[in-house]
Amino acid sequence: MDPSGLNSAELEHFITQEKEKAMVNEMVAKLTSACWDKCITSTPGNKFSSSESSCLSNCAQRYMDMSLIIMKRFQSMH
Amino acid sequence: MDSFSGPSSGPSSQISKDDFMDQLKTQLAQAYAEEFLETVRGKCFDKCITKPGSSLSGSESSCISRCVDRYIEATGIISRALFSSHR
């Protein structure tokens, strides 16, 4: 690769963006897996029941709430 | 992930920055897709193949199809819950 291309700001920006996309992808994947296990307890049907879909959506939001509590608690322990 | 594979390099060939970015994006997309498929395989195997027989039954096959659809739908629900509602 052209040496000056390697150090370009454009490439750096690109890498930063891809890293962020990777983190987002990992978070969604991990949460979908965990929330599927918690919420979809019976054989998959032709569509989600309303309790299944609200469970999934709640699951993601409660995870974020929990994440905040953990961070605050951890930060208060210095 | 597999190591980055660019065009075969001779002593004087260089890859352009744009080609590098394109190839990286493609390989990342492939890696994400493969990881997703592996997850779906695991989940649907757990849900649908509870007692493996000598072949896949019709109900097992349709369970698998529904499972894939539901898992994709679940991914969308989680994604939207995470990124569209900030309270």
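Bear in mind the structure is a predicted one, so any value in this text is a computation, not a measurement.

### Overview of the UniProt feature "domain: Tim10-like" (unreviewed entry) in chain A
Link 1 in the chain: The residues that UniProt annotates with the feature "domain: Tim10-like" (unreviewed entry) are residues 14-76 of chain A.
Link 2 in the chain: What you have in residues 14-76 of chain A is 83% helix and 0% strand, and the ends, taken at the C-alpha atoms, are 36 Å apart.

### Regarding the state of the cysteines
All names here are of chain B.
Link 1 in the chain: Inspection of the entire model under this criterion finds 4 disulfides over all chains.
Link 2 in the chain: Between the sulfur of Cys44 and that of Cys67 lies a disulfide, 1.9 Å long from S to S. With the S-S bond torsion at -90°, the cross-link from Cys44 to Cys67 turns out left-handed. A residue pair is termed long-range when its members are at least 10 positions apart, and Cys44 in helix α1 (residues 17-48) and Cys67 in helix α2 (residues 58-84) qualify at 23 residues.

### Description of the environment of A:Gly45
Link 1 in the chain: With respect to the helices and strands, A:Gly45 occurs in the loop between α2 (9-39) and α3 (50-75).
Link 2 in the chain: Accessibility expressed as a relative area gives 26% for A:Gly45, which makes it partly exposed.
Link 3 in the chain: Look past the residues within four positions of A:Gly45 in its chain and what remains in contact with it is B:Arg66 and B:Arg70.

### Some thoughts on the interface of chain B and chain A
When the parts of a complex come together, some accessible area is lost, and that lost area is often used as the size of the interface.
Link 1 in the chain: Taken residue by residue, the interface counts 29 residues in chain B and 39 residues in chain A.
Link 2 in the chain: Carbon and sulfur atoms make up 69% of the surface buried where chain B meets chain A, a total of about 3000 Å² over both sides.
Link 3 in the chain: Remark: the boundary between chain B and chain A carries 2 salt bridges.
Link 4 in the chain: Taking the shortest distance from any N to any O, the salt bridge between A:Asp37 and B:Lys43 comes out at 3.1 Å.
Link 5 in the chain: At the junction of chain B with chain A, the criterion picks out 8 residue pairs in polar contact (both at pLDDT 80 or more).
Link 6 in the chain: Going through the elements one at a time, α1 and α2 of chain B are the ones with two or more residues in the side of chain B that touches chain A.

What counts and how
Residues numbered from 1 in each chain as written. Chains lettered and ligands numbered in written order. Predicted model: local features only at pLDDT ≥ 70, side-chain atom pairs only at ≥ 80, totals over all residues. Heavy atoms only, no water. UniProt positions renumbered as here; feature names shortened; annotations may be inferred. Helix = DSSP H or I, 4+ residues; strand = E, 2+ residues; numbered from the N terminus. Disulfide = S-S within 2.5 Å. Buried < 20%, exposed > 50% of the residue type's maximum accessible area, 1.4 Å probe, protein only. Contact = heavy atoms within 4.5 Å. Buried area = accessible area lost by both parts, 1.4 Å probe. Salt bridge = Lys/Arg side-chain N within 4 Å of Asp/Glu carboxyl O. Polar contact = N/O pair within 3.5 Å; in protein donor to acceptor, adjacent residues only side chain to side chain.

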